[in-house]
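Chain by chain, the residues:
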Amino acid sequence: MQIPLLPDLTHPALTARLQHLIDQKTKPLGSLGKLESLALRLGQILGTEAPQLQAPQMLVCAGDHGLAARGVSAFPSDVTWQMVENFLAGGAAVSVLARQHGLALTVVDCGVAKGIAPRETTPGQPRLLLRKVAAGTQDASQGPAMTMAQCETAIQNGIDVVRSLPGNALLLGEMGIGNTSVASLLLARLCGLPIAECTGAGTGLDAAGIARKCAVLQQALDANASATKPLAALAALGGFEVATLVGAVLQAAAARRVIVVDGFITSAAVLVASRLQPWVLQRCVFAHRSGERAHGLMLEQMQAEPLLDLGLRLGEGSGAALAWPLLQSACAILREMASFEAAGVSGQSAA
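The structure presented is a predicted model; accordingly, all values stated were derived computationally and were not measured.

Draft legend 1. How the structure looks around the packing of aromatic side chains. All chains considered together, the criterion is met by zero aromatic pairs. When the ring centre of tryptophan 81 is taken as origin, the NZ or CZ atom of lysine 114, which lies over that ring, is 3.6 Å away.

Listed below in structure tokens is the structure:
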């Protein structure tokens, strides 16, 4: 496995030109708020004063977790494969939103416990890729969830999948019963935070369920106490879908694609990727702040400013899809909105 090396995108001259263009649009300075900073970010990522988003790809990675048998989720593991089928049938939230916004949807079986049957791809319909490393990870509360070889295979799968996808924008999604536990574990381990601060309701646990979940997750941290470096922590605590997303993020960043990050679990993949290659974060747009309690903490650790705060905690890539029109609007404003000079409109007076 070869982790792509990322250059620093900092380009003061381009940034100055972009900011000048934004400031000279027919509006009071800063009056479009976060849309202006989003336009600036997109221009910086794509390296142009007239950014255009082309062939956007929604990538949903799915996998099961041995930890789920410990009761860390309100739903059984069978929901993972059932939801994969729902994605492909077009009935899930991310399927609907991808269809609405013209996002090509690719679903990857990274390690779903049940075998997912291959199928023909119909143009314009969701596509299935079978990249199963194993039928779910091991129980991290008893030892490593993955071997390092399995983890590296999953990362390479993510790299290869993104290489095969067109476009200059990648939206991240996931599915896996138990994977909020993985995100909590990675946040706690990589950021040195108490597991209680990193653990929430996930799919809907009550207070007693959250307490049980915390106890199991502490067992997982204790069982893998020596796994402190990013790749070691990912292998010991992570999931096949998260590792695949790490590879996807690294490759998208290397190809200078816009990376639209969904919620808690996809943010955990970005957290790991950024510990391997810090300049990853320059290529990311964080779609929303999740209703999962620890997502705010994770965003703070990455100094990320999310676009939306709607109390979402579904995952799948749903928040990324909902934020997508904002990225399109930011690009359109930068490319098409008139300047004061071009429109013959008087600018702000010195007084």
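Read on for the rest.
Draft legend 2. Focus on empty space enclosed by the protein. The full count for this structure, using the stated rule, is one cavity of 30 Å³ or more. Put simply, the largest cavity is a space of about 30 Å³. As for the largest cavity, its lining consists of Ile22, Leu32, Leu35, Glu36, Ala39, Ala330 and Ile333. Of all the secondary-structure elements, those providing two or more residues to the lining of the largest cavity are helix 2 (34-46) and helix 12 (318-336). Among the elements that make up the lining of the largest cavity, the one with the highest residue count is helix 2 (three residues). Class assignment for the residues of the lining of the largest cavity results in six nonpolar, no polar and one charged.

Draft legend 3. The sheet that holds strand 1 (residues 57-63), seen in detail. A sheet is described by the order of its strands in space; here six strands give the open sequence 3-2-1-4-5-6, paired in parallel fashion. The open sheet has two free edges, formed respectively by strand 3 (127-130) and strand 6 (284-286), since each of these has just one partner strand. The mean angle between the axes of side-by-side strands here comes to 25°, regardless of whether they run parallel or antiparallel. Pairing between strand 4 (residues 169-175) and strand 5 (residues 258-261): three bridges, direction parallel. Residue leucine 170 lies in a different strand from strand 5, and its bridge partner there is isoleucine 259. Against the sheet, helix 9 (residues 240-254) contacts strand 1, strand 2 (104-111), strand 4 and strand 5, and its axis sits at roughly 175° relative to strand 4.

Draft legend 4. Highlighting the packing of helix 4 (residues 93-101) against helix 12. The contact between helix 4 and helix 12 brings their axes to 9 Å, and the two run at 20°. Classed by the angle they form, the pair helix 4 and helix 12 counts as roughly parallel. Handedness of the crossing formed by helix 4 with helix 12: left-handed. On the side of helix 4, the interface is formed by Val94, Leu97 and His101, while helix 12 contributes Ser318, Ala321, Leu322, Trp324 and Pro325.

Draft legend 5. Region of the structure containing the pairing of strand 5. Residue alternation in strand 5 divides its side chains into two sets, Val258 and Val260 and Ile259 and Val261, and both sets are buried. Note: strand 5 against strand 6, three bridges, orientation parallel. Each residue of the ladder has a partner; that of isoleucine 259, found in strand 6, is cysteine 284. Each parallel crossover has a hand, and the one from strand 5 via helix 10 (residues 264-276) to strand 6 is right-handed.

Draft legend 6. Inspection of helix 3 (residues 78-89) at higher detail. Compared with the 16 Å implied by 1.5 Å per residue over twelve residues, the 17 Å span of helix 3 between its first and last C-alpha is a close match. Those residues of helix 3 that are buried lie in contact with strand 1, helix 4, strand 2, strand 3 and strand 4. Glycine 90 lies just past helix 3 and shows a positive phi near 90°.

Draft legend 7. Inspection of helix 10 at higher detail. The end-to-end C-alpha distance of helix 10 is 19 Å, a good match for the 18 Å that 13 residues give at a rise of 1.5 Å each. Extensive coverage of helix 10 is indicated by the burial of eleven of its 13 residues. Taken together, the buried positions of helix 10 are occupied by Phe264, Ile265, Thr266, Ser267, Ala268, Ala269, Val270, Leu271, Val272, Ala273 and Ser274.

Draft legend 8. How the structure looks around the side chain of aspartate 64. Considering the arrangement of structural elements, one finds aspartate 64 in the loop between strand 1 and helix 3. The buried charged residue aspartate 64 lacks any salt bridge partner; its closest oppositely charged side chain belongs to lysine 132, at an N-O distance of 7.1 Å. A distance of 2.8 Å separates polar atoms of two side chains, one belonging to aspartate 64 and the other to threonine 80. Among all residues touching aspartate 64, those that are not within four sequence positions of it are Ser77, Thr80, Gly111, Val112, Ala113, Gly136 and Thr137.

What counts and what doesn't
- Residues numbered from 1 in each chain as written.
- Predicted model: local features only at pLDDT ≥ 70, side-chain atom pairs only at ≥ 80, totals over all residues.
- Heavy atoms only, no water.
- Phe/Tyr/Trp six-rings, centres within 6.5 Å; stacked < 30°, edge-to-face > 60°.
- Lys NZ or Arg CZ within 6 Å of the ring centre and 35° of its normal.
- 1 Å grid on protein atoms, 1.4 Å probe; cavity = no way out; pocket = protein on both sides within 12 Å on 5 of 7 lines; lining within 4 Å.
- Points joined across faces, edges and corners; volume = space filled by probe spheres on them.
- Helix = DSSP H or I, 4+ residues; strand = E, 2+ residues; numbered from the N terminus.
- Nonpolar A, V, L, I, M, F, W, Y, C, P; charged D, E, K, R; others polar.
- Pairing = 2+ DSSP bridges.
- Axes fitted to C-alpha atoms, helices over the stretch in contact; angles between N-to-C directions.
- Contact = heavy atoms within 4.5 Å.
- Parallel < 35°, antiparallel > 145°, perpendicular 65-115°, else oblique.
- Left-handed = near helix turned anticlockwise from the far one by under 90°.
- Buried < 20%, exposed > 50% of the residue type's maximum accessible area, 1.4 Å probe, protein only.
- Right-handed = clockwise from strand over helix to strand, strands pointing away.
- Expected span 1.5 Å × (residues − 1).
- Lys, Arg positive; Asp, Glu negative; His and termini not counted.
- Salt bridge = Lys/Arg side-chain N within 4 Å of Asp/Glu carboxyl O.
- Polar contact = N/O pair within 3.5 Å; in protein donor to acceptor, adjacent residues only side chain to side chain.

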